[in-house]
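Reading the structure
Residue strings, one per chain:
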Amino acid sequence: MGSIESSVHAGSFQHTLSVGSADSSQIRESVSLKTRTLRLAKGEKQQRIPAWLRYSRTWAVVATVLTIVIASVWRFVLDDEEERQFFRDSVQEIADRYAQDIKRQGVTSLSSLQALAAMIKFDDSNFTVHNFDGIAGSLIKAYKGISNLQLAPFGTVRYIHPLVDAKMDNRGALGHALLLDPGRREGALNTIRSGSIQVVGPVTLLQGGVAIIGRYSIFTRFAPKFLPAESFTKAGVTYHSNCSTPETQLLNCYFPGPLESDGVPTHFWGFATVLTLTSDLVAPVELQRLQEGAHRIGGLSQFDYQLSAEVPHASLADVNGVFAHSFRAGPGWIPEDPVTAYVDLPHFGIKWVLKVEPVDGWPRMSASFWFHLCVFLPLTGLLGLGMGVCIISDIRRKALQVEKLEEYKKDVISSDIIMSVSNVDLLQFPMCLMSVDHFMNLRRLISHETARDLNKLCFVDDSKRLAHLRDEEGILFFSHQWAGFFHPDEENVQYNTMVATCDELKQKQARFQWIWVDYFSIPQAAVVQQQHAINSLLAYASHCSIFVAVAPTCEHSDLASELNVHTYSVRAWCRLEQLGYLMASVHEHTPSAYLNTGQGLTPLWGAEGVVTEATSLDVMGGNFTCCARHHPDGEKCDKQRIVGVMLGIFWQLLQIRRDCPPDATRSIELLHLIEGNLQHYFPSTTTYSTDGGNQNEN
């Protein structure tokens, strides 16, 4: 105001001087009039624009408040979207776990055919056929998820167990000649030609229900060269096998199989068939827990689910391939936005789709969204405390979300630990042994699949029988390092040392008739079975009577580097095998464990040994080939694959200390080593790098 008034006075004074004839009183009057006129004009402007709006600080505060409000609203929107995405990801993870459980159960149920076929293959007295009901009942109980097992000698169904139960009456299937029925002949021939399990379904059965049917052709040296003549009547038409002449015999009734390991030919014996109702298949998985509220994620606890075939069989076309579903999610159910998990078994031709969605649908927004938004806007401009409260509420809400996620992770980890401990002594995969005579005549190490196809392996899945073999016949466990990425012993250096070891042990009057070597005792091609075998390493080692570490000096075929006893001692897999046997022999004063570097047998542990119990315990600190190769093509790190075994070993040591037997001194010493540096021997996380240079932590 002072500057404006000064300019007015100056203007009046200049105007007065220009008149020249005015006196001092006129000058004062003129200045006073102009000043009142300007003040009046400014007063009118002040009435149109409030004074507080003229301050720059006001607009700065308004701009700040608007920015905070807009930013907060935007933050709320993003948080809400993240929270809903978190809910969805958690449901997706649950659906994936159920899909994996269904996949495992499918593989387990179908693998019962191979067990049944293996019995018949070596049965020269028809014991399996004569005792089929008891054997089939045991397999159904052991493998679970099976409705019935069938045998079809020469292609005609003769044996079914159970023949009649509360769900199905299978008597109509007896006498069904699969090779004569025009509707089944081509499928039966395909099964014979393939030599693998052929799966049909899910398909609607004539006797009711939806089922999956798996069929496996059996070849044995005890089967006749040609199928016998048979006839089959269907719908009033009788079909006969045309085997009356040598030419027709070869064309219609001659199905040779692979040669046995001793060169004896095999011929078609018949089919083994597993039929499992889809309700029986998914029963062990307990899908109904989804709708029963067993899983709580945020405010979601009940979920609709639907399991269907991606490409349904014609008999299920009217129900869109759906064969398992929750109460509300029948064939006509149209989910709005489900999460989808796949049960994919390509080698069986199976691809199913599991859809899961909350019963009341996905939340459109979190419960707190509108409350925060509506309360926050009016309080932001009036009181800064309101803003603080809203921000604190937002932080608290996020913290609760993180806490729930951490609790969920802890539950998953606890579940993994419980599973590892419960499976520590369980044979998840049969112990595959080779007789000493077969081993000595191999000339080189062969893979599990080759040894299996050559019938050189003995599959033992019963702990009592393993204990009998160990105590009465003896089992020799060979531990060695791989001298190549794809074959463990290209130059036969380690195999020759193993053979020399057998000869030396025989000279020492050591008793052993069976041999375990990882390359032919653990599946190399089937990843699922391989992991089951790895999970059983502790059980394998505990059933061995002699442990020999083979570490001759040789060259790695892919790295062109020298392998010797030092490289063996730092190999993680070798340490795990040592630790497994060490755990089985902790009560023995002098375990039967040796080292052979090509110079004869020496003790593995103790004063004369070159490997200490401390180095055997340090499995996670050992060298992994997968880490040296930087996990090409996203290959899973072996450290993750042995976590279950390591947890089982730790649990066994704790159990020994709890029970405190009189011969537990060595176990207590191992526990002292572990507890002195727990993170070193049993790290809570592991870090590995990929071929792309990325660092990953688990």
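For the structure itself, consult the block above.
Let me sum up the structure you'll find in this document. All chains use their own residue numbering, which begins from 1 and follows the written sequence. Given that the model is predicted, a residue must reach a pLDDT of at least 70 before its local features are reported, and side-chain atom pairs must reach 80 or more before they are shown or counted; all residues, however, enter totals for whole chains, interfaces and linings. The side-chain quantities take in all heavy atoms of the structure and omit both hydrogens and water.

Considerations on the overall build of the protein
Rules: A helix here means a DSSP run of H or I that spans at least four residues, while a strand means a run of E at least two residues long, and both kinds are numbered starting from the N terminus. Residue contacts follow a heavy-atom distance rule, with two residues in contact if any of their heavy atoms lie within 4.5 Å. Here the accessible surface of atoms and residues is derived via Shrake-Rupley with a 1.4 Å probe, and residues count as covered only by protein chains that are part of the display.
Of regular secondary structure, the protein possesses 25 helices and 22 strands. Considering only contacts within the protein whose residues lie at least 6 apart along the sequence, 68% involve residues at least 24 apart. Accessible surface, the protein as shown: approximately 36200 Å² in total, 55% of it carbon and sulfur.

A few points about the environment of T340
Among the structural elements, T340 can be located in strand β10 (residues 339-345). Separated by 35 residues in sequence, T340 and Y305 place their C-alpha atoms 9.8 Å apart. The residues contacting T340, other than those within four sequence positions of it, are Q92, D96, V353, L354 and K355.

Description of the state of the cysteines
Let me state the cut-off plainly: Only a pair of cysteine sulfur atoms within 2.5 Å counts as a disulfide in this structure description. Partly exposed describes any residue whose relative accessible area lies between the buried limit of under 20% and the exposed limit of over 50%, with all areas from a 1.4 Å probe on protein chains only and scaled to the type maximum.
In the structure shown here, the tally under the stated rule is one disulfide. Free of any disulfide, C458 has its nearest neighbouring cysteine sulfur in C432, separated by 8.7 Å. Taking relative accessible area as the criterion, C458 reaches 14% and is therefore assigned buried.

Comments concerning the pairing of strand β1 (residues 148-153)
Keep this limit in mind: One bridge is not enough; two strands pair if DSSP finds at least two bridges between them.
Most of β1 is tucked away, with six of its six residues classed as buried. With six bridges connecting them, β1 and strand β7 (residues 267-277) associate as antiparallel partners. Across the sheet, residue L149 finds its bridge partner in β7, namely V274. Across three bridges, β1 lies against strand β2 (residues 159-161) in antiparallel orientation.

Some remarks on the sheet that holds strand β20 (residues 601-603)
Selection rule: For helices, the fitted line uses only the C-alpha atoms of the stretch in contact; every axis is such a line through C-alpha atoms, and the angle between N-to-C directions lies from 0 to 180 degrees.
Read from one edge of the open sheet, seven strands run β13-β12-β15-β14-β16-β19-β20, paired in mixed fashion. Strands at the two margins of the open sheet, each flanked by one partner only, are β13 (458-460) and β20. Going from strand to strand, the sheet's axes swing by 35° on average, the running direction of each strand aside. Relative to strand β15 (residues 514-517), strand β14 (residues 475-480) is paired through four bridges, and the arrangement is parallel.

Some thoughts on the nonpolar core
For the record, the criterion: Within this scheme, the nonpolar core is defined by two criteria: the residues are buried Ala, Val, Leu, Ile, Met, Phe, Trp, Tyr or Cys, and they are joined through side-chain atoms within 4.5 Å.
In terms of nonpolar packing, the biggest core is built from 80 residues, with F439, F478 and F520 touching the most fellow members. Per element, the largest residue contribution to this core is eight residues, and it comes from helix α19 (residues 572-584). Residues within four places of F478 in sequence aside, it is in contact with F439, M498, T501, C502, I515, W516, V517, V548 and V550. Core analysis: the second largest hydrophobic core is formed by 59 residues, F87, I120, F132 and I135 among them.

Some points on empty space enclosed by the protein
Selection criterion: Cavity and pocket criteria rest on a 1 Å grid covering protein atoms alone: a 1.4 Å probe that fits but cannot get out defines a cavity, protein on both sides within 12 Å along at least 5 of 7 lines defines an open pocket, and an atom within 4 Å of a point defines a lining residue. Grid points are joined across faces, edges and corners, and a volume is the space filled by probe spheres set on the points. Residues were grouped as follows: Ala, Val, Leu, Ile, Met, Phe, Trp, Tyr, Cys and Pro as nonpolar; Asp, Glu, Lys and Arg as charged; and all remaining residues, including Gly, as polar.
Evaluated as defined, the whole model comprises four cavities of 30 Å³ or more. Space inside the largest cavity adds up to approximately 50 Å³. Taken together, G106, S109, L110, I212, T276, L281, I350 and W352 form the lining of the largest cavity. For the lining of the largest cavity, the elements supplying multiple residues, two or more each, are α3 (56-121) and β11 (350-358). Sort the elements by how many residues they give to the lining of the largest cavity and α3 lands first, with three residues. Among the residues making up the lining of the largest cavity, the classes are represented as five nonpolar, three polar and no charged.

Brief notes about helix α5 (residues 132-143)
The test is simple: An expected span of 1.5 Å times one less than the residue number is assigned to each helix. The arc in question is formed by the directions pointing from the helix axis toward the C-beta atoms.
Over its twelve residues, α5 extends 16 Å from the first C-alpha to the last, a length consistent with the 16 Å expected when each residue adds 1.5 Å. If you check which residues of α5 are buried, you get F132, I135, A136, L139, I140 and Y143. For α5, the buried positions fall inside an angular range of 135° around the axis, keeping them on one side. Relative to its buried face, α5 has exposed residues pointing more than 90 degrees away, namely K141 and A142.

What about the pattern of salt bridges?
Convention followed: Any Lys or Arg side-chain nitrogen located within 4 Å of an Asp or Glu carboxyl oxygen qualifies as a salt bridge.
Enumeration according to the criterion identifies 14 salt bridges in this entry. For R221, the salt bridge goes to D262, with nearest N and O atoms at 2.9 Å. Separated by 41 residues along the polypeptide, R221 in the loop between β4 (210-220) and β5 (231-234) and D262 in the loop between α7 (246-252) and β7 bring together distant segments of the chain. The exposure class of R221 is partly exposed, given its relative accessible area of 34%. Exposure remark for D262: the relative accessible area of 48% places this residue in the partly exposed category. One salt bridge in this structure joins D471 and R470, with 3.0 Å as the shortest N-O distance. The exposure class of R470 is partly exposed, given its relative accessible area of 23%. Three or more residues joined by partner-sharing salt bridges are found here, namely R221, E260 and D262.

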